[in-house]
Amino acid sequence: MRLPLALIANVRLLNSGLRIRHSIHNGVLKTSLLSSHNICSRAERKWIKPAGFDTGVKTYNSLTKQKEPLVLAQERIATWYSCGPTVYDHAHLGHACSYVRFDILQRILSRIFEINVIHVMVITDIDDKIIQRSLEVSNISPTVLARMHEEEFKRDMQALRVLPPAVYMRVTDNIPQIVAFIKRIIGNGHAYVTSQGNVYFDTQSIGNRYGKLVNLGGIVGELGAQDKRDPRDFALWKASKPHEPHWESPWGQGRPGWHIECSTIASSVFGSQLDIHSGGIDLAFPHHENEIAQSEAYHQCEQWGNYFLHSGHLHLKGSVEKMSKSLKNYVTIKDFLKSYTANEFRLFCLLTRYRSAIDYSDASMNEARSTLSTISAFCHNAQAYMQGHLQCQPTEEGILWERLSATQSSVRKALADDFDTPKTVDAIMSLIHHGNCQLQPATKVDGQRSAAVFGAMLSYVREIMGVFGVDLLDRKEVHDSSGVLNNVVEELVHFRSKVRKFALSVEDQAPQDPHTGSEIQKRHPEPDRVPLLKDCDALRNNLAPLGVHIKDRGTNSTWEITRRGETRKD
């Protein structure tokens, strides 16, 4: 005698330690699943520390909920997989925040710790959302819609200076591999086919190992609501519906489930072991949890991904909800870049830990802009000092060398501690503060300039900002013209400085007290030279709204170009 499917399922649930609740609703018997809080024992959830190359970095691992030493399977090579976008609409700042943050982490590993990061990203170009959006837009197929938004996404990433992965992989280019992946999971006893042509992963087949990223205690679901055995089971293959894109498979026409694409593509490139998997915290469950289950069922291994890194949500200031297309509370990357620059957005991301939630507002962006302005101003002044355009009293060179060395040490230590960029920025700003304290302009200078130490500080600040993808030498962000404009401004400021120096030259001829050696009283410029000074001031004031900022330092002047309307902090 064959037992009813529901009874078999109940027996399996009881054997696994789960609790079953029966209820009657509108005369219909319903079976609900309640997971015990002890469903995932520490023994079966235990993280296995990889054997291999210790990078010297500690990173927060979502598998253990604590910082762990980052150990790579191969020396100085990190295999890294990330979930890319579902390309049905414009990318927004919530997406940008995650991608920029992980781009910064990869740059740190590469540039600071000399790790060769091999990054693969999937583009989800077939999904319920893509199909639905194509139906809402007349005369456009899901394929064309996906291609349009894929290219837009890549342009957005380029505009934000996000380094492209080693390869982008599309789901629709990997359907045969996905079908083969599902077949093997079925063959290994971890998935089943329903009479409707759907294929589901059998979460009960892996026992308490399901739930490595999250505690499943208290989960409630209904058995029999769909054609699956367990409410936690998830689709590997979806039977086709009318007017939907579909592909052939041993189970009939259909398309892949969402989770299976990542497991298949990551495995096709990296095999049975992955160093790092990244994504937004909202993907931890069910997406990443299901990836782990599928991949370990396919490879028959205990631990597929060694480190799962998750970035915090981006919130609009005052809102507890994340920025989301479904909530219609988002700002597109394209619109954002009309008001701010990629450098400013990167500073915005650097000012918080990558795994922390982050509030987006005018105030937070102004803080980032002000920080960037302070860094840029220091670099400009240090360069002017080295060129002899900025005259200062003798500096305490030894102190600055010590500060620079201490900063380099503290920055490396902070970045090795779960990529602590806020602490790194604080260290850089402290170094800049001590540099600025000694870059005070003076009319007369006695002694030799300490150009070398400021050159070293300037190079280091540029280098670290470059590691973060903040390009302090890129003036294309602040104006649309070519480098010719810089040369024109240089000549203009040089000519103005000569005129101004001529007009002020009488101040250097002030008589001195023969007893004290101090100046008795400075004489004013000759009356016929006053108009020259007024014209020089007028030129400086008129150029400022156009983005050309001239700063007079005694008889010399320095200049810089900023984006029109930018708030500057001298």
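The structure under discussion appears in the preceding block.
This text gives an overview of the structure that appears in the document. (Residues numbered from 1 in each chain as written. Predicted model: local features only at pLDDT ≥ 70, side-chain atom pairs only at ≥ 80, totals over all residues. Heavy atoms only, no water.)

This next bit is on helix α14 (residues 451-467). Between its first and last C-alpha, α14 extends 24 Å over 17 residues, near the 24 Å set by a 1.5 Å rise per residue. For α14, the set of buried residues is V453, F454, G455, M457, L458, Y460, V461, I464, M465 and V467. Contacts made by the buried residues of α14 are with α3 (93-111), α10 (342-350), α11 (362-387), α12 (397-416) and α13 (421-437). Two residues or fewer after α14 comes G469, characterised by a positive phi angle close to 85°. (Helix = DSSP H or I, 4+ residues; strand = E, 2+ residues; numbered from the N terminus. Expected span 1.5 Å × (residues − 1). Buried < 20%, exposed > 50% of the residue type's maximum accessible area, 1.4 Å probe, protein only. Contact = heavy atoms within 4.5 Å.)

This next bit is on the pairing of strand β6 (residues 116-124). Within a regular strand, side chains alternate between the sheet's two faces. A large share of β6 lies buried, amounting to 7 of its 9 residues. Strand direction decides the pairing type here: strand β5 (residues 77-86) and β6, joined by 8 bridges, are parallel. Its bridge partner being in β6, Y81 is matched across the sheet by V120. This β-α-β element, β5 to α3 to β6, shows right-handed connectivity. Bridge count for β6 against strand β7 (residues 167-170) is 4 bridges, and the pairing is parallel. Residue pairing across strands places I123 opposite R170, the latter belonging to β7. (Pairing = 2+ DSSP bridges. Right-handed = clockwise from strand over helix to strand, strands pointing away.)

Evaluated as defined, the whole model comprises 26 salt bridges. For D128, the salt bridge is made with K238, and the minimal N-O distance between the two is 3.3 Å. With a gap of 110 residues between them, D128 in helix α4 (residues 128-136) and K238 in strand β11 (residues 234-239) connect regions that are remote in the sequence. The exposure class assigned to D128 is partly exposed, which follows from its relative accessible area of 38%. For the salt bridge of D418 with R353, the shortest nitrogen-to-oxygen distance reads 3.5 Å. Taken together, the positions of D418 in the loop between α12 and α13 and R353 in the loop between α10 and β16 (358-360) put the pair 65 residues apart, joining distant regions of the chain. Residues participating in the shared-partner salt-bridge network are E150, E151, K154, R170 and D173. (Salt bridge = Lys/Arg side-chain N within 4 Å of Asp/Glu carboxyl O.)

What follows concerns the side chain of K228. With respect to the secondary-structure elements, K228 resides in the loop between β10 (220-223) and β11. D233 provides the closest opposite charge to the buried, unpaired K228, separated from it by 7.0 Å. Within the structure, the side chain of K228 is placed 3.4 Å from the backbone oxygen of P231, a separation counted as a polar contact. Setting aside residues no more than four positions away along its own chain, K228 makes contact with Y192, Y200 and D233. (Lys, Arg positive; Asp, Glu negative; His and termini not counted. Polar contact = N/O pair within 3.5 Å; in protein donor to acceptor, adjacent residues only side chain to side chain.)

Here the focus is the packing of α12 against α14. With their axes 9 Å apart at the nearest point, α12 and α14 run at an angle of 20° to one another. Considering the angle they form, α12 stands roughly parallel to α14. Seen from above, α12 lies across α14 with left-handed handedness. Taking contact as the criterion, the partners of E397, L400, W401, L404, T407, Q408 and V411 in α12 are, on α14, A452, V453, F454, A456, M457, Y460 and I464. Partitioned by chemical class, the residues of the contact of α12 with α14 number 11 nonpolar, 2 polar and 1 charged. (Axes fitted to C-alpha atoms, helices over the stretch in contact; angles between N-to-C directions. Parallel < 35°, antiparallel > 145°, perpendicular 65-115°, else oblique. Left-handed = near helix turned anticlockwise from the far one by under 90°. Nonpolar A, V, L, I, M, F, W, Y, C, P; charged D, E, K, R; others polar.)

Our next topic: the nonpolar core. Generally speaking, a soluble globular protein has its nonpolar side chains buried in company with each other. Counting residues in hydrophobic clusters, the biggest one holds 124 residues, and the most contacted among them are Y81, F345 and F468. It is α3 that provides the largest number of residues to this core, a total of 10 residues. When residues are assigned to domains, this core turns out to be shared by domain 1 (53-339) and domain 2 (373-468), each giving three or more. Ignoring sequence-local partners within four residues, the contact set of F345 consists of L93, A96, C97, V100, L160, F336 and M365. V489, V493, I550 and I561 belong to the second largest nonpolar core, which has 7 residues in total. (Core = buried A, V, L, I, M, F, W, Y, C linked by side-chain atoms within 4.5 Å. Domains from an automatic or database assignment.)

Interpretation in functional terms is not warranted from these geometric data alone.
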